[in-house]
Amino acid sequence: MNEAVAPDVDPGDLLDRSRFPVDPWALTESRYSDADLGTTETLFAVANGYLGMRGNVEEGRDSYAHGTFINGFHETWPIQHAEEAYGFARIGQTIVNVPDAKVIRLYVDDEPLLLSVADLLEYERRLDFRTGEYTREILWRTPAGKRVRVRSSRMVSLTERHLAVMTFEVTMLDDAAPVAISSQILNRQDGEDEYHVAAKAMGEGVDPRKAERMNRRVLEPIINRGNAESHRVELGYRCVDSGMTLAVAADHVFTTTSAYESSVVTDDDLAKVVYRIEAEPGVPISLTKFVAYHTSRGVPPRELIDRCGRTLSRAVRGGIDRIRADQADWLDNFWACSDAELEGDDELQQALRWNLFQMAQASARAEGSGIPAKGVTGSGYGGHYFWDTEIYVLPFLTYTRPAAARAALRFRYQLLDAARRRARELSQCGALFPWRTINGEEASAYYAAGTAQYHINADIAYALSQYVAASGDRDFLIRVGVDILVETARMWADLGFWQDSEFHIHGVTGPDEYTTVVSDNLFTNVMARFNLAQAARVVQELADVDGPEYDALVARLELGDDEVAEWQRAADAMAIPFDDFLGVHPQDLHFLEREVWDLENTPLAKRPLLLHYHPLVIYRFQVLKQADVVLALFLQGELFTDEQKRADFEYYDPITTGDSTLSAVVQSIMAAEVGYSDLARRYFVNALFVDLADRHRNTADGVHVASAGGVWSALVYGFGGFRDHGGRFTFDPRLPADWSALTFRLTIEGTQVRVTVRQGEIEFVVEAGEKVDVEVRGVSVQATADGPVVIALADQGPRIPGDPQPVAGRRRADGSVIGAIVPGT
């Protein structure tokens, strides 16, 4: 049984709605609990793609994992292999948990506010998707019985890349009391608190999805200073091994009519401003804290502190109202381009917008860096960049925020020289992009399920080509994109070999990490075919023009006369295995020879399989961590017949565990296309709540950004029926029977069009730009600014009842019957 869709649950059962009420434009928590701090710290995180702050409580004590992260700011460390071999990854990279400026501690009558033990008469915190601000309001009855109203807010600016702003307001309601507020920047070492107690997130056992923990000091203190008059505090550091540098500084604006005094203290790992107030009943005490972070690969921390100072001076001068207004304007524009609407279902709408909001938080100001698997909301996967970005995140950005897609692709281009070096290390021509990385060097210590996933080359080429086709950005293609296409094509042409007039690729791993180092992995071959053909086409088009751009390309890349023809020949002859007897495409040359893992009788306590079985055990079976063949059917769907798609989906769906959060969205898309509408909807709902309901029990490590992007794809490609194969933009909708309407936006060649799918029609409305040309079930349609275009739909595609049948029991061509086994039983 696929855990990702095992229960056909009502969305209302996935969240405790007495605690997390339905609100289409916000996530609200109305009751405090410390039972799931890790999850809520992730869910209420605020970020802008460069800087991220987990939703830790302001007081800084109760936590699962304290966290403030900066995209790309990392420490390096030597990877220790038990047995060495040539070409293994040597230098590990891990995102650094930087000094925490969220901490604002409150003392009343010298008693600290600790939520886990506090008498909370009222409690609410809220993450607003339209303002981008996290707010909290509590009514606390102190041990002495005094009522205290505490209002606070936290925002990471989407317009000022390096800026975060916090507010903290305290009002004694009935009684006077001495109040102390301690605003801090606290450098915790790799998840420890200030008492050097490891965070709960450190846990026990081994989970490859978690970040590595350093057993030494990471940040070497360089400078600390504070100004008692301006209440500005500053800290500067250098990473011990990577040499990266960081500065963080904070300014404070404090107001009250009650008497108070203040002090400033700094040392290597702590900077704080303390306010001591003789608080009076009904008199507000208000603190606004402006924080700036700047990082570099080597600029001295003192220079970075100067940069922080300029950021802070500008922010304080403009004031918090201006910052909030700019934030709201940015998000107004984001939602105008990116919103998707599910008519009449506020529960799903809330979850959908939370996922889309995470896309903004992961990408808005990521320029110059990639988009980590967890964004900047947690340390999961070490802050690394994977192929997830190109296949699951970039489609959303390409069609809603093309400039952000361009920035992400340009970052890959900046890693091209490192990819060339990596290819040479592995005795290949061209370039081989690292499976997981921060600085461009391969950081995967397990080559079988990591480095061997050469398909990342084709994934990047695919995303690049998708962006260029959708945006019409020929300048990017000529100046940046063609270099990537050429170097990745060179790698495929060198990696593969000819046998019986077919081009084969051996010794690689596909997206499914439960099957490794195989021959003719279908996904890899199909995507390599695309990569080779696309490179040949683009170069040939430049050659046909025969202008200075082509001459520059030939000189820059030393392009040989016969290379382009060889790429096309390899693409045309690519081996695409097919089993005529079973009527399906094998995932790889020998995949169908294995027995099937009996998922139906595998206890949920043994899931995910990677945490309970040795890899060698898993590799012996037909069992998938995530979509592989099915993903190929989606990305290269024009190359498969409808009958092949259905047969492949029905074969692979029952043996896909869903142990990866990347799986449900792709299964949903293809289930919708082939006709399993109810199954598609269930997959979609489970993907929507991957983090909100902690479906994979690791939301605490950070947002699953690729899954959030995949949610958009499931809506647009799955239920909206949108495809963009070969630069053609087509629609063949698959709206679930119980949905009245689905609306989404696409930006195609500079024109933004709103698409609404209803049970009997599809409507196109140009919201910005002039016109867009699409096809609806083979009929050409042009939408213009003159008004809506409505096309009638006879149906929503085929409808197949039930779920695909189990694979076990099917007979192979040699007469053997595929069996189902639970290892160890």
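Look up: the structure comes first, before these words.
Residues numbered from 1 in each chain as written. Predicted model: local features only at pLDDT ≥ 70, side-chain atom pairs only at ≥ 80, totals over all residues. Heavy atoms only, no water.

Peer 1: So what exactly am I meant to see when it comes to the overall build of the chain here?
Peer 2: The number of helices and strands found in the chain is 19 helices and 34 strands. Its C-alpha radius of gyration of 27 Å places the chain within 12% of the 28 Å reference for a compact globule of 825 residues. Considering only C-alpha atoms, the chain reaches an extent of 85 × 65 × 55 Å along its principal axes. Expressed as a percentage of its 825 residues, the buried residues of the chain come to 63%. If you take every contact in the chain between residues at least 6 apart in sequence, the share linking residues at least 24 apart comes to 69%. Accessible area of the chain: about 29,200 Å², with a carbon and sulfur share of 48%. Distance between charge centres in the chain, computed from 82 positive and 123 negative side chains, equals 4 Å. (Helix = DSSP H or I, 4+ residues; strand = E, 2+ residues; numbered from the N terminus. Rg over C-alpha atoms; globule rule 2.2 N^0.38 Å. Buried < 20%, exposed > 50% of the residue type's maximum accessible area, 1.4 Å probe, protein only. Contact = heavy atoms within 4.5 Å. Areas by Shrake-Rupley, 256 points an atom, 1.4 Å probe, with all protein chains shown as cover. Lys, Arg positive; Asp, Glu negative; His and termini not counted. Charge placed at Lys NZ, Arg CZ, Asp CG, Glu CD.)

Peer 1: Whenever I open this one, the sheet that holds strand β1 (residues 26-29) confuses me. Can you help?
Peer 2: Pairing between sheet strands relies on hydrogen bonds along the backbone, with the strands arranged either parallel or antiparallel. On the basis of which strands lie adjacent, the open sheet formed by nine strands has the order β1-β8-β9-β10-β11-β18-β15-β14-β13 and antiparallel pairing. Strands at the two margins of the open sheet, each flanked by one partner only, are β1 and β13 (219-227). In this sheet, neighbouring strand axes are inclined to one another by 10° on average, regardless of whether the strands run parallel or antiparallel. Examined bridge by bridge, strand β14 (residues 232-239) and strand β15 (residues 245-255) share six bridges and lie antiparallel to one another. (Pairing = 2+ DSSP bridges. Axes fitted to C-alpha atoms, helices over the stretch in contact; angles between N-to-C directions.)

Peer 1: Can you walk me through helix α18 (residues 677-688) in this structure?
Peer 2: One full turn of an α-helix is made of 3.6 residues, so residues set three or four places apart face in the same direction. Here α18 spans 16 Å end to end across 12 residues, near enough to the 16 Å set by a 1.5 Å rise per residue. Counted residue by residue, α18 has 11 buried out of 12 residues, so it is predominantly covered. The complete set of buried residues in α18 reads Ser677, Leu679, Ala680, Arg681, Arg682, Tyr683, Phe684, Val685, Asn686, Ala687 and Leu688. (Expected span 1.5 Å × (residues − 1).)

Peer 1: Got a minute to help me understand the pairing of β14 in this structure?
Peer 2: The side chains of a regular strand alternate between both faces of the sheet. For β14, a buried count of seven out of eight residues is recorded, marking the element as mostly surrounded by other parts of the structure. Direction of pairing for β13 relative to β14: antiparallel, over a ladder of eight bridges. Bridge pairing in β14 places isoleucine 223 opposite glycine 236. Taking the residues between adjacent antiparallel strands as the criterion, β13 and β14 are bridged by four residues, where histidine 231 takes a positive phi near 65°.

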